[in-house]
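Topology and contacts: notes
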Amino acid sequence: MKFGVIVFPGSNCDRDVAWVTQGLLGQPTRMIWHEDTDLSDIDVVVIPGGFSYGDYLRCGAIARFSPIMRSTIEHANQGKFVLGICNGFQVLTEAGLLPGALVRNRDLHFICESAPLTVINSNIPWTSEYQVGEVINLPIAHGEGCYYADEKTLEELETNHQVLFRYGTDKTPKPEENPNGSLNNIAGICNPQGNVLGMMPHPERASDPMLGNTDGIKLFKTLLR
Ligand SMILES: NC(=O)CC[C@H](N)C(=O)O
């Protein structure tokens, strides 16, 4: 499985992802500058976290116009894997590969902490090593992580089982366990086909045993089976 990690000006989690895919999992990994367009050798495209273009305008709103995004959309439309983490999730919604939007956190603060999440759907390749209802802890670090979508879109996400992770320790959203105000406590979703995943929490920051938490590594590992 060959991974491609996209690098925008302002990305800051690109090396962390490559450390997981290449360093920990031994998979070939290529860093891809956002002005490149060739993804022909890549199986899994990862859009990492960070502050692409300094978060000017809106997180991810400028990055989505980078040349590599046209190729990423083609890659996704061919049914191949795309993962957007944090700023990557914001870029995927801006690019229209995932529905909804990420807006300012409810309390208007940047949040940096470990968040409990419940796995809601383990029926797609990305999450198949987790159990439905399993509670995992992943770091969150964002200022615009509040997931928003209109009522119809939310309903579609729920009925199509596109919600993969919710904040909190229960499958049913518990408002008191919601760190950023995301509707339905949504922390991660996929497209209807299940090949494109976007999530605000950082699985790559909870993968190396040296960091004391490996709850995130299964997300990268499942694709290798
Ligand atoms: N860790 C990240 O990717 C941060 C994303 C974005 N810059 C935000 O603050 O919301």
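Everything numeric here is computed off the predicted structure, so don't read it as measured data. (Residues numbered from 1 in each chain as written. Predicted model: local features only at pLDDT ≥ 70, side-chain atom pairs only at ≥ 80, totals over all residues. Heavy atoms only, no water.)

1. Some points on the overall build of the protein chain
The criterion, for reference: Secondary structure elements follow DSSP: runs of H or I of four or more residues count as helices, runs of E of two or more count as strands, with numbering from the N terminus. This radius of gyration counts C-alpha atoms alone. The globule rule is 2.2 Å times how many residues there are, raised to the power 0.38. When accessible area is computed with a 1.4 Å probe and restricted to protein chains, residues below 20% of their type maximum are described as buried, those above 50% as exposed, and intermediate ones as partly exposed. Contacts are assigned to residue pairs with any non-hydrogen atoms lying within 4.5 Å of each other. The accessible surface values rely on the Shrake-Rupley method and a 1.4 Å probe; as for residues, cover is taken only from the protein chains in view.
The number of helices and strands found in the protein chain is five helices and 11 strands. Computed over C-alpha atoms, the radius of gyration of the protein chain comes to 16 Å, within 12% of the 17 Å expected from 2.2 N^0.38 for 225 residues, which places it in the range of a compact globule. Across its three principal directions, the C-alpha atoms of the protein chain cover 45 × 35 × 30 Å. When burial is assessed residue by residue, the protein chain has 55% of its 225 residues classed as buried. A separation of at least 24 residues holds for 74% of the contacts in the protein chain among residues at least 6 apart in sequence. If you sum the accessible surface of the protein chain, you get close to 9600 Å²; carbon and sulfur atoms cover 51% of it.

2. Looking at the UniProt feature "active site" (unreviewed entry) in the protein chain
Note the following rule: UniProt positions are given in the numbering used here, feature names are shortened, and annotations may be inferred rather than shown by experiment. Within 3.5 Å is the distance limit for a polar contact, defined as a pair of N or O atoms, with the added protein rule that one can donate a hydrogen and the other accept it, and that residues adjacent in sequence qualify only through two side-chain atoms.
The positions UniProt marks with the feature "active site" (unreviewed entry) are C86, H202 and E204. Taken along the chain, the residues just named run across 119 residues; in space they keep tight, none of their C-alpha pairs more than 10.9 Å apart. Relative to the assigned elements, C86 resides in the loop between β4 (81-85) and α3 (87-94). Note on C86: relative accessible area 5%, which makes it buried. What C86 contacts, discounting residues up to four positions off in sequence, is G49, A141, H142, M199, M200 and H202. Position of E204 among the secondary structure elements: in the loop between β11 (196-199) and α5 (217-221). On the basis of relative accessibility, which here comes to 4%, the residue E204 falls in the buried class. In this view, E204 contacts C13, D16, V17, V20, I85 and F220; residues no more than four positions away in its chain are not counted. Among the polar contacts listed, one links the side chain of E204 to the side chain of H202, at a separation of 2.8 Å.

3. Things to note about unusual backbone geometry
The phi dihedral of L57 is positive, around 75°, even though this residue is not glycine. As for its placement among the helices and strands, L57 is situated in the loop between β3 (44-47) and α2 (67-77). We classify L57 as exposed; its relative accessible area is 73%. Phi at C86 takes a positive value of approximately 55°, unusual for a residue other than glycine.

4. Observations concerning the nonpolar core
Generally speaking, nonpolar side chains in soluble globular proteins are found buried as a group. The criterion, for reference: Put simply, a nonpolar core is a bunch of buried Ala, Val, Leu, Ile, Met, Phe, Trp, Tyr and Cys residues held in one set by side-chain atoms that sit within 4.5 Å of each other.
Ranked by size, the top nonpolar core spans 62 residues in total, and within it W126, Y147 and F165 carry the most contacts. When near neighbours in sequence (up to four residues on either side) are disregarded, W126 contacts V44, F81, V82, L83, G194, N195, V196, L197, K218, L219, T222 and L223.

5. Quick word on the environment of G100
Structurally, G100 is set in the loop between α3 and β5 (101-103). With 47 residues separating them in the primary sequence, G100 and Y147 have C-alpha atoms 7.1 Å apart. Once you skip the residues sitting within four places of it in the chain, G100 turns out to touch T93, Y147, Y148 and A149.

6. Some words on the sheet that holds strand β1 (residues 3-7)
To keep it simple, the criterion reads: At least two bridges found by DSSP between two strands are what make those strands a pair. Only C-alpha atoms enter the line fits that serve as axes; for helices the fit covers just the stretch in contact. Angles between N-to-C directions range over 0 to 180 degrees.
Taking strand neighbours across the sheet as the criterion, the nine strands line up as β2-β1-β3-β4-β11-β10-β9-β6-β7 in an open arrangement whose pairing is mixed. A strand with exactly one partner marks an edge of an open sheet, and here the two such strands are β2 (29-33) and β7 (135-142). Strand-to-strand twist across the sheet, computed as the mean angle between neighbouring axes with direction ignored, equals 25°. Sheet analysis places β1 next to β2, joined by five bridges and oriented parallel. Residue V7 lies in a different strand from β2, and its bridge partner there is W33. Lying on the sheet, α3 is in contact with β3, β4, β10 (186-190) and β11; it crosses β4 at an angle near 120°.

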